[in-house]
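Structural overview for review
Chain by chain, the residues:
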Amino acid sequence: MALLQISEPGMSAAPHKHNLAVGIDLGTTNSLVATVRSGMSTVLQDEHGHALLPSVVRYLENNGVEVGHDAQAQQSTDPTNTIVSVKRFMGRGLKDIANRAHIPYRFVENTNKESNGMLQIETRVGNKSPVEISAEILKTLRTRAEKALGGELTGAVITVPAYFDEAQRQATKDAARLAGIHVLRLLNEPTAAAVAYGLDNASEGVYVIYDLGGGTFDISVLRLSKGVFEVLATNGDSALGGDDFDHRIFCWILDQIRLKVPNFSPLSEEDTRLLLTKSRQAKEWLTDNYESQITCKLSNGYFVDITLNVSQFNEFTQNLVSKTLNPTRKAIRDAGLSLDEINGVVLVGGATRMPHIRHAVADFFKQEPLTNLDPDKVVALGAAIQANVLAGNRSDKDLLLLDVTPLSLGLETMGGLVEKIIPRNATLPVARAQEFTTFKDGQTAMSFHVLQGERELVSDCRSLAKFELRGIPPMAAGAARIRVTFQIDADGLLSVSAKEQTSGLESHVVVKPSYGLSDEEIGNMLKSSFLAAENDKQARAVREAQVEAARLLESITFAMDQDADKILSPDEKEAIYSQMEALKEIMKSDDSQAINRATEKLNKSTESFAARRMDASVTKALAGQNLDSLEI
Ligand code: AMP
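Reading guide: rules and limits
The numbering scheme is per chain: residues are counted from 1 as the chain's sequence reads. Local features in this predicted model are restricted to residues of pLDDT 70 or higher, and side-chain atom pairs are both shown and tallied only at a pLDDT of 80 or more, whereas totals for entire chains, interfaces and linings draw on every residue. As a rule here, side-chain values cover all heavy atoms of the structure and leave hydrogens and water aside. What makes two strands pair is DSSP finding at least two bridges between them. Per the convention used, a helix needs a DSSP run of H or I reaching at least four residues, while a strand needs a run of E reaching at least two, with both numbered from the N terminus. In this analysis, axes come from line fits to C-alpha atoms, helices being fitted only over the stretch in contact, and the angle between any two N-to-C directions falls in the range 0 to 180 degrees. Type-normalised accessible area, obtained with a 1.4 Å probe on protein chains alone, sets the label of each residue: buried when under 20%, exposed when over 50%, and partly exposed for intermediate values. Whether two residues are in contact is decided by their heavy atoms, any of which lying within 4.5 Å being enough. Using protein atoms alone on a 1 Å grid, points that fit a 1.4 Å probe yet trap it form a cavity, whereas open point sets bounded by protein on both sides within 12 Å along at least five of seven lines form a pocket; residues with an atom within 4 Å of a point count as lining. Grid points are joined across faces, edges and corners, and a volume is the space filled by probe spheres set on the points. For this classification, Asp, Glu, Lys and Arg are treated as charged, while Ala, Val, Leu, Ile, Met, Phe, Trp, Tyr, Cys and Pro are nonpolar and the rest, including Gly, are polar. Every case where a carboxyl oxygen of Asp or Glu lies within 4 Å of a side-chain nitrogen of Lys or Arg is listed as a salt bridge. Definition of nonpolar core: a set of buried residues of the types Ala, Val, Leu, Ile, Met, Phe, Trp, Tyr and Cys, connected through side-chain atoms within 4.5 Å. A residue's pLDDT is simply how confident the predictor is in it, with values from 0 to 100. Every helix has an expected span of 1.5 Å times one less than the residues it contains. Stacked, tilted and edge-to-face are the three classes assigned to paired rings of Phe, Tyr and Trp, where Trp is represented by its six-membered ring and a pair needs centres within 6.5 Å; plane angles under 30 degrees give stacked, over 60 edge-to-face, the rest tilted.

Focus: the sheet that holds strand E20 (residues 409–413)
- Here we have four strands laid out as an open sheet, ordered E21-E20-E24-E25, and antiparallel in their pairing. Two strands lie at the open edges of the sheet, namely strand E21 (417–422) and strand E25 (462–470), each paired on one side alone. The sheet shows a mean angle of 30° between the axes of neighbouring strands, taken without regard to direction.
- Pairing between E20 and strand E24 (residues 445–452): three bridges, direction antiparallel. Paired with Leu409 across the two strands is Gln452, which belongs to E24.

Re the environment of Val345
- Take Val345: it is sitting in strand E18 (residues 344–348).
- Val345 gets classed as buried once you look at its relative accessible area, which sits at 1%.
- With 20 residues separating them along the chain, Val345 and Phe365 place their C-alpha atoms 7.9 Å apart.
- Excluding residues within four positions of it along the chain, Val345 makes contact with Val208, Tyr210, Val361, Phe365, Gln367, Pro369 and Leu370.

Notes on empty space enclosed by the protein
- Here the structure, examined in full by the defined rule, presents three cavities of 30 Å³ or more.
- Roughly 70 Å³ of volume is contained in the second largest cavity.
- In this structure, the second largest cavity is lined by Leu26, Gly27, Ser55, Val86, Lys87, Met90, Ser134, Ile137, Thr159, Val160, Phe164 and Thr172.
- Classifying every residue of the lining of the second largest cavity gives six nonpolar, five polar and one charged.

What about the sheet that holds strand E6 (residues 65–67)?
- As summarised here, the arrangement of the three strands in space is E6-E5-E7, forming an open sheet in which the pairing is antiparallel. Only two strands of the sheet have a single partner each, and these edge strands are E6 and strand E7 (82–84). Averaged over neighbouring strand pairs, the angle between their axes works out to 15° when direction is ignored.
- Direction of pairing for strand E5 (residues 56–59) relative to E7: antiparallel, over a ladder of three bridges. Within the sheet, the bridge partner assigned to Val56 lies in E7 and is Val84.
- Running at roughly 110° to E5, helix H2 (residues 130–149) makes contact with E5, E6 and E7 of the sheet.

Notes on the pairing of E18
- Counting buried positions over the five residues of E18 gives five, a clear majority of the element.
- Residues Gly344, Val346 and Val348 of E18 are buried on one face, and the alternating residues Val345 and Leu347, pointing to the opposite face, are buried as well.
- For strand E13 (residues 205–212) and E18, the ladder comprises five bridges, and the chain directions are parallel. By the bridge assignment for E18, Tyr207 is matched with Gly344.

Looking at the pattern of salt bridges
- As enumerated under the stated definition, the model contains 29 salt bridges in all.
- Put simply, Arg58 and Asp78 hold a salt bridge, and the shortest N to O gap is 2.8 Å. On the criterion of sequence distance, the pair formed by Arg58 in strand E5 and Asp78 in the loop between helix H1 (69–73) and E7 is long-range, its members being 20 residues apart.
- By relative accessible area, which is 8% here, Asp78 ends up buried.

Quick notes on the nonpolar core
- Tyr210, Val221 and Ile253 are the most contacted members of the largest nonpolar core, which totals 48 residues.
- Counting residues per element, this core draws most heavily on helix H5 (residues 242–260), at seven residues.
- If sequence neighbours within four positions are ignored, Tyr210 has contacts with Phe217, Asp218, Ile219, Thr324, Thr328, Val345, Val346, Leu347, Val348, Thr352, Ile357 and Val361.
- By size, the runner-up hydrophobic cluster in this structure holds 44 residues, among which are Leu44, Val67, Phe89 and Ala179.

A word on the confidence of the model for the chain
- Model confidence for the chain is summarised by a mean pLDDT of 84, while 86% of its residues fall at 70 or above.
- Taken together, the stretch residues 1–16 has pLDDT below 50 and engages in 36 contacts with residues farther than four places along the chain or on a different chain.
- With pLDDT under 50 throughout, residues 627–632 is counted as low confidence; its partners more than four residues away or in other chains account for three contacts.

Re the pairing of E5
- Burial of the side chains of E5 extends over both faces: Val56 and Arg58 are buried on one face and Val57 and Tyr59 on the other.
- Relative to E6, E5 runs antiparallel, the two being bridged by three bridges. Note that in E6 the partner of Tyr59 across the bridge is Val65.

Considerations on helix H3 (residues 166–178)
- Look at H3: 18 Å from first C-alpha to last across 13 residues, which is about the 18 Å you get at 1.5 Å a residue.
- Elements that come into contact with the buried residues of H3 comprise strand E1 (21–26), H2, strand E11 (155–160), strand E12 (183–188), E24 and strand E27 (494–500).
- With its phi angle positive at about 75°, Gly180 sits one or two positions after the end of H3.

Looking at the packing of aromatic side chains
- For the structure on display, the rule yields ten aromatic pairs.
- On the basis of an interplanar angle of 25° and a centroid distance of 5.9 Å, the ring pair of Trp252 and Phe316 is categorised as stacked. On the criterion of sequence distance, the pair formed by Trp252 in helix H5 and Phe316 in helix H7 (residues 310–323) is long-range, its members being 64 residues apart. With respect to burial, Trp252 and Phe316 carry one shared label: buried.
- Aromatic rings pair up to connect Phe245, Trp252, Phe313 and Phe316 into one cluster.

Examining the environment of Leu373
- You can see Leu373 is positioned in the loop between helix H9 (355–365) and helix H10 (378–390).
- Along the sequence, Leu373 and Val346 sit 27 residues apart, while their C-alpha atoms lie 9.0 Å from each other.

Observations concerning the side chain of His356
- As for its placement among the helices and strands, His356 is situated in helix H9.
- The exposure class of His356 is buried, given its relative accessible area of 9%.
- Contact partners of His356, with chain neighbours within four places excluded, come to Phe245, Phe313, Asn314, Thr317, Gln318 and Val321.

Here you go:
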């Protein structure tokens, strides 16, 4: 695959001036900020020496806000005002988070028209959007960085899961803006990890980045070569992470309690949060120990005292581990690689510390994964290196970062079919254009429907946006040339424009979908596209045959209305009408070949009618003219 040259913004800045730029890993569980100092990428610590900032925000009674460890310490006692894992709700509407049984928040829909139905969380100081909550985390990191670096930041590279769709990316950018941070670029987390590994180890070859964080799983296949990073494929599950392992322990604890006390009363919000925290501690303890003692007192006075050992934990979380391997297989298949072509596997994310994850990865790839960089810091370190380049501090060779689109993007065409313009796994940034034309004579407007997904039919894809191009000069059907350009920038945001070539008339839309794709939706869309490939091919053939038939029927109906009585004998007229009726009947079937045959038959039997019409119109046009007045 050819590599694209990307000229980076800021590359021309004066090399002697050091711009303060940071990389921010805005994680589900923890967030970090890093910068390049004396050529070394380093994570910045707070005044207590903490590198990780828990991604926890607590709203206080006096309108104050606590972020990080202080907030985390209160999450059991003040669960509804202490927001954890807010990243899961970025760019989401209420309907996207169907499974909220173990989430202790009260969600409300944002009624503000601008917000496109995004959710909000009710707190004691009012309703807060995930963007506002994330902005608090970013503000804290910004303050930490400005204190450590002694000046105002020029900008930041912020990392997002590779699977984040446009809504989630936009929400992340909005949060940064709210925190007063200039975003140099959003960068996929696995790509950032590759930057850190690639430069530190000067590795070459094909690498897989296996990233299991608190709330998301991403798998990326990257090719590293002489400082150039090319993402060959990505896959993942945006609702799978360490939190799910905690939740399994939580359910196991409840089962154990109910074995002893069958009609144990439902847990309060505080107890739920407390037990989830205990579950997480037990999980982390089991990484280095054989068993974990779980003890705590619930609000009804019940005292929990249970021992969990590694083999029990491994057993009831085994299918979560397996769940990471399906997307892994798909990404490798999409990259067109076999396992023996993979030079190394990099582990990223705190949850990859779990030994059974490491074993499963080693078994799957038949090689030990690379773990020499801290899995919690590697993303922030890579983001800082990229920020340093984008801020113009590095005048040496460009660092190229190529990401890919997770799902295909296309346009609706006649018959409810989708014409793919940018295929999935196309390298970003990307721009692709295709020409479309009008369906009817004199058509002066066209409406465009932008879709995302792998299936052939509009009804099976996800609608992203609709827009119109009006004022097209009237022409015969098929004569207008409308060039539609799809452009995805380096942050993964899509804009679509349509331009009529002769008049220069233009219209465009920037896609900011009202909802992000739910985690299951992406997985299901890909799965169903593989399963339905054959059916889709047939459905496409039927729709195409129907469109062709409709086009022919429309033009013959018009011609018959105009000229049938003048040109055709009653028998000829009758024959054509009866074939038209026959075609209309066959069109209702899903037999594309039969529709094509009937269309062809009608086409053939109206050839002589069309020829006679042509003769008649030429005769009429020439009537009363002499040869000299004709321009030949
Ligand atoms: P991240 O989103 O990358 O910060 O990852 C956070 C996740 O890593 C959380 O689910 C943590 O519980 C998990 N984690 C951190 N340290 C450990 C550990 N030693 N063993 C198991 N899981 C861990």
